[in-house]
Amino acid sequence: MRAAALTAGLLAGLLLAWLLLAGFLLVGFLLVAARADAQTLVGYTVEGDAIGAPLTGAPGDAARGAGLVADRTLSLCVLCHSGLEAPAHMQGNLAPSLAGIGARLSEGQIRLRIVNMKALNPESIMPAYGGSSPGARVANAWRGKPILSGEEIEDIVAYLSSLKG
Amino acid sequence: MRPRPRAPAVIAALLSIPALLAVSGAVALEQGDRRSGIAFASPQTQAMQADDTANPGMLWVMDGAQLWRRPDGAAGKACQECHGDAAQSMKGVAPRYPDFDAGLGRPVDLSGRINLCRVRHQRAAPLAHEGSEMLALTAFVAFQSRGLPMAPAADARLAPFRAEGRRLFEQRMGQLDLSCANCHDDHWSARLGGSPVTQAQPNAYPLYRLEWQALGSLQRRMRNCMAGVRAEPFAYDAADYIDLELYLAARAAGLPMETPGVRP
């Protein structure tokens, strides 16, 4: 899990270097690690219960994020969470309200929860939007892809961080 | 002819009690917690299901009544020629399904049974799973049991298939990585967006969905849920669906049959 705490590029570089240096057993171990990580399409570093650094170079756009969290087919946030800018009767209650979340959690904490809530709670029903841990039989259209892009996640982080109370 | 001794019947009845307990014990949803999907629907939808003159599913039931009497296949026989009056011969059949078919060596659901009858007895081509004729016939047969409690078959040969159904029900699927149980066992009293989650009970199928503007099967509903979590649905009639239906039936034991149901 925490081995994923490297950027994809760094990991590829390390793999190459290690493969050249390592013995046979080590090669086998690395192949397993590489396969597990192939699902994580967003590169990031976890520190404690947060991802401190943004996933992209450009800062997120809170207005775009507000639109994204209310999208019932792309982000699906509103299907489970309430406390968002969407008609009340369209908001689900399978998950805690996100009202005031920006006052309770730091930007980095929010980012990790969206990228991979299962790093904190392996039993969570919240999908890992950064692309890790998909289930069985992923449909063709979605196979090998993260649910949201790094840009989209940053937009949502910016929006949720602005919900102060 | 000498009267047959009663003992075997008594023994069979006694043997079936633990089997029945095994069926209902092997599920995650306690008997007292079970709620039909209609309990979660709006008063308007409930009224539409309850009133046969307003329930659109009754059109399929009436079509099914005609198909029941229509000779078909190389044998030129109608269902009725073998089974007689459906109100009697089909009463209690649907609540027991899926049931084991010795010829196939595995369970079949009601539509699978109807197709076996077509092939084996009518010598007719099987009907397409979601075709209007299959939906009409399954609705008509299940309608004969409306009001009877779901009573899954206690045949011990079904146990491994039911267990596989449970495994599938509890397996996380699709890009969203959710199992049926995540929603239907653990959050059935919650809302997903604007929709009640419900317990995924099979007791009103096939049923009319306003969203579909049509009658649809339990498998169609399961396909919808699989597509919803962005998983590749199984093909119609796949063994996986039958296994799932078996598990659902055990989970629904005791609920009244409501075919044809109505859902939003």
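Above this text you will find the structure in question.
Being a predicted model, the structure only gives us computed values, none of them experimental.

Peer 1: Would you mind showing me how to read the pattern of salt bridges here?
Peer 2: Pairing is possible between side chains of opposite charge, provided their charged atoms come close. All names here are of chain B. Summed over all chains, the structure comprises 20 salt bridges over all chains. Here Arg-113 and Asp-101 are joined by a salt bridge, their closest N and O atoms 3.2 Å apart. Of this pair, Arg-113 sits in helix α6 (residues 110–122) while Asp-101 sits in strand β1 (residues 99–101), and the two are 12 residues apart along the sequence. Per residue, the accessibility class of Arg-113 equals that of Asp-101, and both read buried. Between Glu-164 and Arg-167 there is a salt bridge, and its shortest N-O distance comes to 3.0 Å. Of the two residues, Glu-164 and Arg-167 are both situated in helix α8 (residues 159–170); the distance of 3 residues between them amounts to about one turn of the helix. Since its relative accessible area comes to 25%, Glu-164 is described here as partly exposed.

Peer 1: Got a minute to help me understand unusual backbone geometry in this structure?
Peer 2: Negative phi is the rule for most residues except glycine; trans is the rule for most peptide bonds. Residue B:Tyr205 is joined to B:Pro206 through a cis peptide bond whose omega torsion reads -10°. Going from B:Thr259 to B:Pro260, the amide bond is cis rather than trans, its omega being -5°. Tracing the backbone through its elements, the reader meets B:Pro260 in the loop between α11 (239–251) and β7 (262–263). Although it is not a glycine, A:Leu76 adopts a positive phi angle of roughly 65°. Taking relative accessible area as the criterion, A:Leu76 reaches 12% and is therefore assigned buried. The phi dihedral of B:Ala200 falls on the positive side, at around 60°, and the residue is not glycine. Tracing the chain through its elements places B:Ala200 in the loop between β4 (195–196) and β5 (207–209).

Peer 1: Just to check I follow, could you spell out empty space enclosed by the protein for this structure?
Peer 2: To find leftover empty space, a probe the size of one water molecule is rolled over the atoms. All names here are of chain B. Applying the stated criterion across every chain yields a total of 1 cavity of 30 Å³ or more. Each pocket or cavity is described by its volume, and for the largest cavity that value is around 330 Å³. Along the wall of the largest cavity there are 21 residues; nearest its centre are Leu-110, Tyr-205, Pro-206, Leu-218 and Glu-245. Counting residues per element, the ones that place at least two in the lining of the largest cavity are α6, α7 (132–143), α10 (218–228) and α11. Among the elements that take part in the lining of the largest cavity, α7 stands out by supplying 4 residues, more than any other. Split into classes, the residues belonging to the lining of the largest cavity amount to 14 nonpolar, 5 polar and 2 charged.

Peer 1: It is not clear to me how the packing of α6(B) against α7(B) should be interpreted in this structure. Could you clarify?
Peer 2: The packing of two helices is summarised by the inter-axis angle and the distance between the axes. All names here are of chain B. Interaxial distance between α6 and α7 falls to 10 Å at its minimum, and their mutual angle equals 110°. On the basis of the axis angle, α6 is roughly perpendicular to α7. Each of Leu-110, Ser-111, Ile-114 and Asn-115 in α6 lies in contact with α7, whose residues at this interface are Met-134, Leu-137, Thr-138, Val-141 and Ala-142. Here the residues of the contact of α6 with α7 are counted per class, giving 6 nonpolar, 3 polar and no charged.

Peer 1: Even after reading the chapter, I still don't get the interface of chain A and chain B, so can you show me in this structure?
Peer 2: As a measure of interface size, the accessible area lost when the parts come together is often cited. Contacts between chain A and chain B engage 33 residues on the former and 22 residues on the latter. A buried area of about 2,100 Å², summed over both sides, lies between chain A and chain B, and 52% of it is on carbon and sulfur atoms. Three residues stand out in chain A for area buried against chain B, namely A:Leu94, A:Ile125 and A:Arg137, and they jointly supply 30% of the buried area on that side. Inspection of the chain A/chain B interface yields 1 salt bridge. In this structure, A:Lys118 and B:Asp177 form a salt bridge, with 2.8 Å as the shortest nitrogen-oxygen distance. Counting across the interface, chain A meets chain B through 17 residue pairs in polar contact (both at pLDDT 80 or more). Within the side of chain A that touches chain B, the residues separate by chemical class into 18 nonpolar, 9 polar and 6 charged.

Rules behind the numbers
Residues numbered from 1 in each chain as written. Chains lettered and ligands numbered in written order. Predicted model: local features only at pLDDT ≥ 70, side-chain atom pairs only at ≥ 80, totals over all residues. Heavy atoms only, no water. Salt bridge = Lys/Arg side-chain N within 4 Å of Asp/Glu carboxyl O. Helix = DSSP H or I, 4+ residues; strand = E, 2+ residues; numbered from the N terminus. Buried < 20%, exposed > 50% of the residue type's maximum accessible area, 1.4 Å probe, protein only. 1 Å grid on protein atoms, 1.4 Å probe; cavity = no way out; pocket = protein on both sides within 12 Å on 5 of 7 lines; lining within 4 Å. Points joined across faces, edges and corners; volume = space filled by probe spheres on them. Nonpolar A, V, L, I, M, F, W, Y, C, P; charged D, E, K, R; others polar. Axes fitted to C-alpha atoms, helices over the stretch in contact; angles between N-to-C directions. Parallel < 35°, antiparallel > 145°, perpendicular 65-115°, else oblique. Contact = heavy atoms within 4.5 Å. Buried area = accessible area lost by both parts, 1.4 Å probe. Polar contact = N/O pair within 3.5 Å; in protein donor to acceptor, adjacent residues only side chain to side chain.

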